Amino acid sequence: MTEPQVLEETQVRLAPPWNVIVWNDPITLMVYVTMVFQRIFGYPVEKSHALMMEVHTKGRSIVWTGAREQAETYVQKLHAAQLLATMETT
Amino acid sequence: MMFPRVTRRPDGAAAIEGLFPLHVEALVEVPELLEKPEGEAHRRLFPEPSDDAKHREDWERLVRPELFALLASARDILVRDLKGLEPTTPFGPVPRWNVTVPAQHVNAWISALNAARLALGARHGVSTEQDLRPELVEKDGRIEMDERTFAIVKINVLAELQALLILEGLPEGERPPASEEEEGSGEEGA
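In this report, the structure presented in the accompanying data block is examined. What you see is a predicted model, and the numbers here were worked out from it, not measured in a lab.

### A closer look at the overall build of chain B
Helix and strand counts for chain B come out as six helices and six strands. In sequence order, the secondary structure elements of chain B are arranged as β-β-α-α-α-α-β-β-α-β-β-α. For 190 residues, the compact-globule estimate of 2.2 N^0.38 gives 16 Å, and the C-alpha radius of gyration of chain B, at 18 Å, lies within 12% of that figure. Each principal axis of the C-alpha distribution contributes one length, and for chain B these read about 60 × 45 × 35 Å. Per-residue burial for chain B yields a buried fraction of 33% across its 190 residues.

Right under this line is the structure:
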């Protein structure tokens, strides 16, 4: 007779991702914002420019989504570049 | 009339040439603007990272000192380089000025100019792109400006230099393109 087999199941709840948001301001140069996106996120110029235009026309843009720790690092770098950046959980 | 220009030298230094007295006046004001930003200027240069109170508290304690230090470093670099400002036509009717920014200082200049423009804007309540285009009033052949309008003129003058440094002073591979939407080199508002 075999022993009853106990199956253990572990549920792993993934932490929700965080959005990094950049907000429009009237003074920061558009070309500067594009440059900052290229440098901080390593995005190609087309994507950096498109995100900058979204900030400019819509007032804000989600520029990155992912783990909290990395989001904090990005917000810190964006603040070092004097961009208005915040982070929020999705 | 020749406008100021920036030329990237073979050693990577950015040569800024042909500055008008207004450019110089705006530039020499930058260190004071960044020394101890207070009130609205402080809030703009060191924004909150989120709505969460605990997160803000941690940010103030752990991150903000580093952001202060970075801005102070950019300011100090600009102060040192501004000592090299040279008049090119000291005996002419309109003096022009040159200054050279060493290659390793170009990014600090771009950052310091950006921060100074933001600080000026915050001090003078600039909250829309329209605010950056004040109506200039001419009286008896002279343009009259109140303090706020003059500050806005300086924001725009520093924008011109910042855009020139980005588009002409950085290595070619690091320069973002000036797009059609931007109508030139460096329109504000993003």
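### Description of the overall build of chain A
Helices and strands together make up the secondary structure of chain A, namely three helices and three strands. Relative to the compact-globule value of 12 Å for 90 residues, chain A shows a C-alpha radius of gyration of 20 Å, a clear excess of over 25%. Its C-alpha atoms put chain A at 80 × 25 × 20 Å along the principal axes. A buried classification covers 43% of the 90 residues belonging to chain A. Restricting the contact set of chain A to residue pairs at least 6 apart, pairs at least 24 apart contribute 68%.

### Observations regarding the interface of chain A and chain B
How large an interface is tends to be reported as the accessible area lost when its parts come together. Between chain A and chain B, the residue contacts involve 29 residues of the former and 37 residues of the latter. Every element with two or more residues in the side of chain A that touches chain B is listed here: helix H1 (30-41), helix H2 (45-58), helix H3 (68-80) and strand S3 (84-89) of chain A.

### A short note on the pairing of strand S1 (residues 18-23) of chain A
For a regular strand, side chains alternate in direction, first toward one face of the sheet and then toward the other. Residues and elements named next belong to chain A. For S1 and strand S2 (residues 60-66), the ladder comprises six bridges, and the chain directions are antiparallel. Within S2, the position partnered with tryptophan 18 by the bridge is glycine 66. Alignment of S1 against S3, held across six bridges, turns out to be antiparallel. Across the sheet, the residue bridging to tryptophan 18 is threonine 89, located in S3.

### Considerations on H1 of chain A
Taking 1.5 Å as the rise per residue, H1 of chain A with 12 residues should run 16 Å; its terminal C-alpha atoms sit 17 Å apart, in good agreement. Of the surrounding secondary structure, the elements contacted by the buried residues of H1 of chain A are H2, S2 and H3 of chain A together with helix H5 (106-123) and helix H6 (147-169) of chain B. One or two steps after H1 of chain A, the chain reaches glycine 42 of chain A, where phi turns positive at roughly 70 degrees.

### So, the environment of leucine 132 of chain B
Assignment of secondary structure puts leucine 132 of chain B in the loop between H5 and strand S5 (137-139). Leucine 132 of chain B gets classed as partly exposed once you count the C-beta atoms within 10 Å, which come to 19. Between the C-alpha atoms of leucine 132 of chain B and glutamate 48 of chain B, which are 84 residues apart in sequence, the distance is 25 Å. If we ignore the near neighbours within four places in the chain, the residues touching leucine 132 of chain B are Pro26 of chain A together with Val126, Ile152, Ile155, Asn156 and Glu188 of chain B.

### Structural notes on the environment of alanine 85 of chain A
All names here are of chain A. With respect to the element layout, alanine 85 can be found in strand S3. Along the primary structure alanine 85 and tryptophan 64 are separated by 21 residues, whereas in three dimensions their C-alpha atoms are 11 Å apart. Those residues in contact with alanine 85 that lie beyond four places of it in its chain are Val20, Ile21, Val22, Val75, Leu78 and His79.

### Section: H2 of chain A
All names here are of chain A. Taking 1.5 Å of rise per residue, the 14 residues of H2 would be expected to cover 20 Å, and the 20 Å separating its terminal C-alpha atoms lies within 8% of that figure. Among all positions of H2, only Ser48, His49, Leu51, Met52, Val55 and His56 are buried. Looking down the long axis of H2, one finds its buried residues gathered within 165 degrees of arc, a one-sided arrangement. Away from its buried face, by an angle of more than 90 degrees, H2 presents the exposed residues Glu46, Thr57 and Lys58. Each element contacted by the buried residues of H2 is listed here: S1, H1 and S2.

### What to know about the packing of H1 of chain A against H2 of chain A
Residue and element names in this part refer to chain A. The N-to-C vectors of H1 and H2 enclose an angle of 130 degrees; their axes lie 8 Å apart at closest approach. Considering their axes alone, H1 and H2 lie oblique with respect to each other. Two packed elements cross with a definite hand, and for H1 against H2 that hand is right-handed. Seen from H1, the contacting residues are Met30, Val33, Thr34, Phe37 and Gln38; seen from H2, they are Val45, Ser48, His49, Leu51, Met52, Val55 and His56. Residues belonging to the contact of H1 with H2 are distributed by class as follows: seven nonpolar, five polar and no charged.

### Some remarks on the environment of phenylalanine 20 of chain B
Residues and elements named next belong to chain B. Secondary-structure assignment places phenylalanine 20 in the loop between strand S2 (14-19) and helix H1 (21-35). Looking at phenylalanine 20, the number of C-beta atoms within 10 Å reads 17, which means it is partly exposed. Taking the C-alpha atoms as reference, phenylalanine 20 lies 9.9 Å from valine 157; in sequence the two are 137 residues apart.

What counts and how
- Residues numbered from 1 in each chain as written.
- Chains lettered and ligands numbered in written order.
- Predicted model: local features only at pLDDT ≥ 70, side-chain atom pairs only at ≥ 80, totals over all residues.
- Helix = DSSP H or I, 4+ residues; strand = E, 2+ residues; numbered from the N terminus.
- Rg over C-alpha atoms; globule rule 2.2 N^0.38 Å.
- Buried ≥ 20, exposed ≤ 12 C-beta atoms within 10 Å, placed from the backbone.
- Contact = placed C-beta atoms within 7 Å.
- Pairing = 2+ DSSP bridges.
- Expected span 1.5 Å × (residues − 1).
- Arc of directions from axis to C-beta.
- Axes fitted to C-alpha atoms, helices over the stretch in contact; angles between N-to-C directions.
- Parallel < 35°, antiparallel > 145°, perpendicular 65-115°, else oblique.
- Left-handed = near helix turned anticlockwise from the far one by under 90°.
- Nonpolar A, V, L, I, M, F, W, Y, C, P; charged D, E, K, R; others polar.

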